[in-house]
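Here is what each chain is made of, one letter per residue.
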Amino acid sequence: MSRLSGQIALVTGGGRGIGRAVARRLAREGAHVVVNYVSGEGAARETVEAIRADGGTADTAGFDVADAAAVKAGVDGVLGNHGRIDILVNNAGVVHNGLLMRLKDDDIEHVLGVNLRGTIHCTRAVTAGMVKRRQGRIVNMTSVVAATGNAGQSIYAASKAGVVGFTRATARELAPRSITVNAVAPGFIDTDMTASLPDATRQDIVESIPLGRSGTAEEVAGAVLFFCLPESAYITGHVLDVNGGMHM
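Notes on the structure in this doc start here.

Thresholds, definitions, all that
Residues numbered from 1 in each chain as written. Predicted model: local features only at pLDDT ≥ 70, side-chain atom pairs only at ≥ 80, totals over all residues. Heavy atoms only, no water. Helix = DSSP H or I, 4+ residues; strand = E, 2+ residues; numbered from the N terminus. Buried < 20%, exposed > 50% of the residue type's maximum accessible area, 1.4 Å probe, protein only. Contact = heavy atoms within 4.5 Å. Polar contact = N/O pair within 3.5 Å; in protein donor to acceptor, adjacent residues only side chain to side chain. Pairing = 2+ DSSP bridges. Right-handed = clockwise from strand over helix to strand, strands pointing away. Expected span 1.5 Å × (residues − 1). Phe/Tyr/Trp six-rings, centres within 6.5 Å; stacked < 30°, edge-to-face > 60°. Salt bridge = Lys/Arg side-chain N within 4 Å of Asp/Glu carboxyl O.

Structural notes on the environment of His96
With respect to the helices and strands, His96 occurs in the loop between strand 4 (87–90) and helix 4 (105–133). Exposure remark for His96: the relative accessible area of 34% places this residue in the partly exposed category. Linking His96 and Gln153, residues 57 residues apart in sequence, is a C-alpha distance of 7.3 Å. If we skip the residues at most four places from it in the chain, His96 touches Leu103, Asp107, Val111 and Gly152. At 3.2 Å, the side chain of His96 and the side chain of Asp107 are in polar contact.

Observations regarding the pairing of strand 2 (residues 32–37)
For strand 2, the tally of buried residues reaches six of six residues, placing the bulk of the element in the interior. Side-chain alternation along strand 2 places His32, Val34 and Asn36 on one buried face and Val33, Val35 and Tyr37 on a second face that is also buried. The pairing of strand 1 (residues 8–11) with strand 2 spans four bridges and is parallel. By the bridge assignment, Val11 is partnered in strand 2 with Val35. Handedness of the crossover joining strand 1 and strand 2 through helix 1 (residues 17–28): right-handed. Two strands pair when backbone bridges link them, and strand 2 and strand 3 (residues 58–62) are joined in this way by five bridges, in the parallel orientation. Bridge pairing in strand 3 places Asn36 opposite Ala61. Read from strand 2 through helix 2 (residues 41–53) to strand 3, the crossover connection turns out right-handed.

A closer look at the side chain of His121
Checked against the element boundaries, His121 lands in helix 4. In this structure His121 comes out as buried when scored by relative accessible area, which is 13%. Among residues more than four places away in sequence, those in contact with His121 are Val65, Ala66, Asp67, Ala68 and Val71.

Section: helix 1
The end-to-end C-alpha distance of helix 1 is 17 Å, a good match for the 16 Å that 12 residues give at a rise of 1.5 Å each. Turning to helix 1, its buried residues are Ile18, Gly19, Ala21, Val22, Ala23, Leu26 and Ala27. Gly30 occupies a position one or two residues after helix 1 and carries a positive phi of about 105°.

Things to note about the packing of aromatic side chains
The geometry of an aromatic ring pair comes down to the distance between the two centres and the angle between the two planes. Taken as a whole and judged by the stated rule, the model has one aromatic pair. Between Phe226 and Phe227, the aromatic rings sit 5.6 Å apart at their centres with planes inclined by 50°, giving tilted as the arrangement. Residue Phe226 is classed as partly exposed on the basis of its relative accessible area, which comes to 32%.

What about the environment of Leu211?
Structurally, Leu211 is set in the loop between helix 8 (199–207) and helix 9 (217–228). Measuring from C-alpha to C-alpha, the distance between Leu211 and Gly245 comes to 6.6 Å, with 34 residues separating the pair along the chain.

Brief notes about the pattern of salt bridges
All told, the structure shown has 11 salt bridges when counted by the stated rule. The shortest N-O distance in the salt bridge between Arg3 and Glu29 comes to 3.1 Å. With a gap of 26 residues between them, Arg3 in the segment before strand 1 and Glu29 in the loop between helix 1 and strand 2 connect regions that are remote in the sequence. Ionic contacts of the salt-bridge type, sharing partners, join the residues Arg24, Arg28 and Asp54 into one network.

Purely geometric numbers; function is a separate question.
Structure representation (structure tokens):
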């Protein structure tokens, strides 16, 4: 039997990149995956089709994680369809690079809204059911820059550092109900976002990584899967680095 057979997993921002890889990996282990999206319905449906082609089951749920009311309605819809949520992966994220003094208020609010408040909204929405059943797995996506900082990414780094603090605090709150909360911190990963960088910039970054290469979305998905498996039941409040040694 697959290790996540019968479980319901909600993956935010699951339409592409790391989110798609996570959704497919959880589905291959037997979970029914609900792929969240805000504007990329087509990409989310492609993820669902890929899961079904692999022999898994999935559907979609469109809502903006930055909007608390939309999250509640969206999660209520998932609960209405499936009865429960066993696994939440807070993957939805955005980045807006630029020097702090040049950032607009809307840029700041967008990054904080999706990356940090979105994680908070979704976690709050699923915890009541998990607490009642005394089980659940929550995995939050942070970043290597939460620990290292990066010029031109002050707000992104702040949002991801906030996710780390939120992970540890909620891990303490929910542990008495056998709910684990952990985080995965990717480094330089091959995604659409990093593919847009100039070749020279990519080369400089890769040369700074001890393993000498960028990571893959599937490698990040493997780390997320670990936190959802029975083998990790005694791990909570942990941040797992997936960065090739970029930060130790």
